[in-house]
Amino acid sequence: MASSASSPASAQHGKDQSKKATASGWIGSALEYYDFFIYATAASLIFPQIFFPNTDPKVAIIASLATYGVGYVARPIGAFFLGHWGDTHGRKQVLILCMFLMGFSTVAVGLLPTYAQVGLWAPALLVMLRLVQGFAVAGEISGASSMILEHAPFGRRGFFASFTLQGVQAGQILAAAVFLPLAHYMPAEQFNSWGWRIPFLLSFIVIVAGYIIRREVDETPAFAVEDKKGELPKAPVVQAVRENWRDMLRVMCCSLMNVIPVVTTIFGAAYAVQPGYGIGFEKDVYLWIPVLGNIVAVAVIPFVGNLSDKIGRRIPIMVGAVGSGLLSFGYLYAISVHNVPMAIIMSLLMWGVVYQGYNAIFPSFYPEMFPTRTRVSGMAISQNLGTLVTALLPALFVAVAPPGTANIPLVIGSITLAVTLVAAIAAWTARETYRVRMQDLGDPDAVPVPAGEYQRLREEAVLQGRVTR
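Here is what the cut-offs are and how they apply
- Residues numbered from 1 in each chain as written.
- Predicted model: local features only at pLDDT ≥ 70, side-chain atom pairs only at ≥ 80, totals over all residues.
- Heavy atoms only, no water.
- Helix = DSSP H or I, 4+ residues; strand = E, 2+ residues; numbered from the N terminus.
- Rg over C-alpha atoms; globule rule 2.2 N^0.38 Å.
- Buried < 20%, exposed > 50% of the residue type's maximum accessible area, 1.4 Å probe, protein only.
- Contact = heavy atoms within 4.5 Å.
- Areas by Shrake-Rupley, 256 points an atom, 1.4 Å probe, with all protein chains shown as cover.
- Lys, Arg positive; Asp, Glu negative; His and termini not counted.
- Charge placed at Lys NZ, Arg CZ, Asp CG, Glu CD.
- pLDDT = per-residue confidence, 0-100.
- Axes fitted to C-alpha atoms, helices over the stretch in contact; angles between N-to-C directions.
- Parallel < 35°, antiparallel > 145°, perpendicular 65-115°, else oblique.
- Left-handed = near helix turned anticlockwise from the far one by under 90°.

Asker: Can you walk me through the overall build of the protein chain in this structure?
Answerer: Each helix and strand counted, the protein chain has 24 helices and 0 strands in total. Since a compact globule built from 469 residues should have a radius of gyration of about 23 Å, the 22 Å found for the protein chain is in line with a globular shape. Along the three orthogonal principal directions, the C-alpha set of the protein chain runs to about 75 × 45 × 40 Å. Every one of the 469 residues in the protein chain was classed for burial, and the buried ones make up 58%. Pairs at least 24 apart in sequence give 84% of the contacts found in the protein chain among residues at least 6 apart. Accessible area of the protein chain: about 17,900 Å², with a carbon and sulfur share of 69%. Side-chain charges of the protein chain comprise 32 positive and 27 negative groups, with the mean position of each set lying 3 Å from the other.

Asker: I tried to follow the environment of Pro363 on my own but got confused; where do I start?
Answerer: By the secondary structure assignment, Pro363 is in helix α20 (residues 362–365). When its relative accessible area of 0% is taken as the criterion, Pro363 is described as buried.

Asker: Sorry, what's going on with the confidence of the model for the protein chain here?
Answerer: Reading predicted coordinates in detail is not appropriate for stretches of low pLDDT. Per-residue confidence for the protein chain gives a mean pLDDT of 85, with 92% of residues at or over 70. Low pLDDT, under 50, characterises residues 1–6; the predicted model gives this stretch 0 contacts beyond four residues in sequence or across chains.

Asker: Looking at this structure, how should I read the packing of helix α15 (residues 259–273) against helix α17 (residues 314–336)?
Answerer: A pair of packed helices can be characterised by two numbers: the angle between their axes and the separation between those axes. For the pair α15 and α17, interaxial distance at closest approach is 11 Å and the crossing angle is 10°. With respect to their mutual orientation, α15 and α17 come out roughly parallel. Classified by chirality, the crossing of α17 by α15 is right-handed. Between α15 and α17, the contacting residues are Ile260, Val263, Thr264, Phe267, Gly268, Tyr271 and Ala272 on the first element and Ser324, Gly325, Tyr331, Leu332, Ile335 and Ser336 on the second.

Here it is in structure tokens:
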């Protein structure tokens, strides 16, 4: 009787925590990926000139983009450590730790001396801090996705979890938006000298704001149950590999979809603005392309997440993978002919709309493959191993299509499409999880809730959400 009497208060507390967890995941991901993407932007636009010898433009571009890839080299290591921490100490603790590591390393980048000042020490220190960034960000998406998923009501996990990636897109908008006025209004000499440091130093705000937000969220009920039963694994990584290695392989292959943001914001930026390629986009003009694409993505993501709660996770992911791979040809062609309106339209289609078929859904699709006891480890390690491969692609793209190469859109577009096809096939082989209850996730023999009952429970969850609002 006591539990029955307390159930309305418990239900209201659960709704409040769902909102807080979603807000924490959204804002935390936005702030942390602001840090990560201001580095990506600077690596394409600024770092080749100030951190590396400028005797050979091709070498400087490759070296700068390689430092971007170095961050991904550290991500599997960070995933191992942070995934273990998240599965043994809780989702909340690992997210706060990620935020502090990312924030302080990003501020430090803004204080680095240049190649002209200290020679080879400049790129060496840059690489070291990039390693710390990569280590820190490895636990963000898996931790935030798991926290939101485990707080979300049944039937709405795809919708709520999608806000993790909406936060990531917002962080990218913020990163480019901070660079835009600086690149446009500051004289080039001042911008290259000290103006580029401002976005990095502003990351101190990330540390303060992120901590205030994330300390307000309770640990998830699913993790609390495992902790109370004494079933937290001592070696979650080992257990995840032993029990779910097939799903870890699927996540690795699906994570190759990171090739699309690489083409859009990393190689595309270098191709468009670096003098060696001779395209001649103005830096501030090009920065608007990913900004506009991400603005569309922020609007599209919740709708796609909600769609996945209706029709499942796999179909939108497969359509998003193949479609965005095909559109990469048109996007790169628009850059090659210096057609700014066409480049913007292709970016909006490829990055802002079609790619979100994958991007909005993997925050629910990935963690739903694993049980609570190994969820953060299983997702973090396999996802970061997959993205590690794609992070090396910018330098590879420049190597196979250096300045002066003919048919760059065809060469790079073909590689991109091949990679997205691998991701689509991996998603096709996965089992559908959107109608599986939380306690049964990760069990390959789990029986989904019948479609009629699932629809009823989902409608109840939607109605409760409207009443609460």
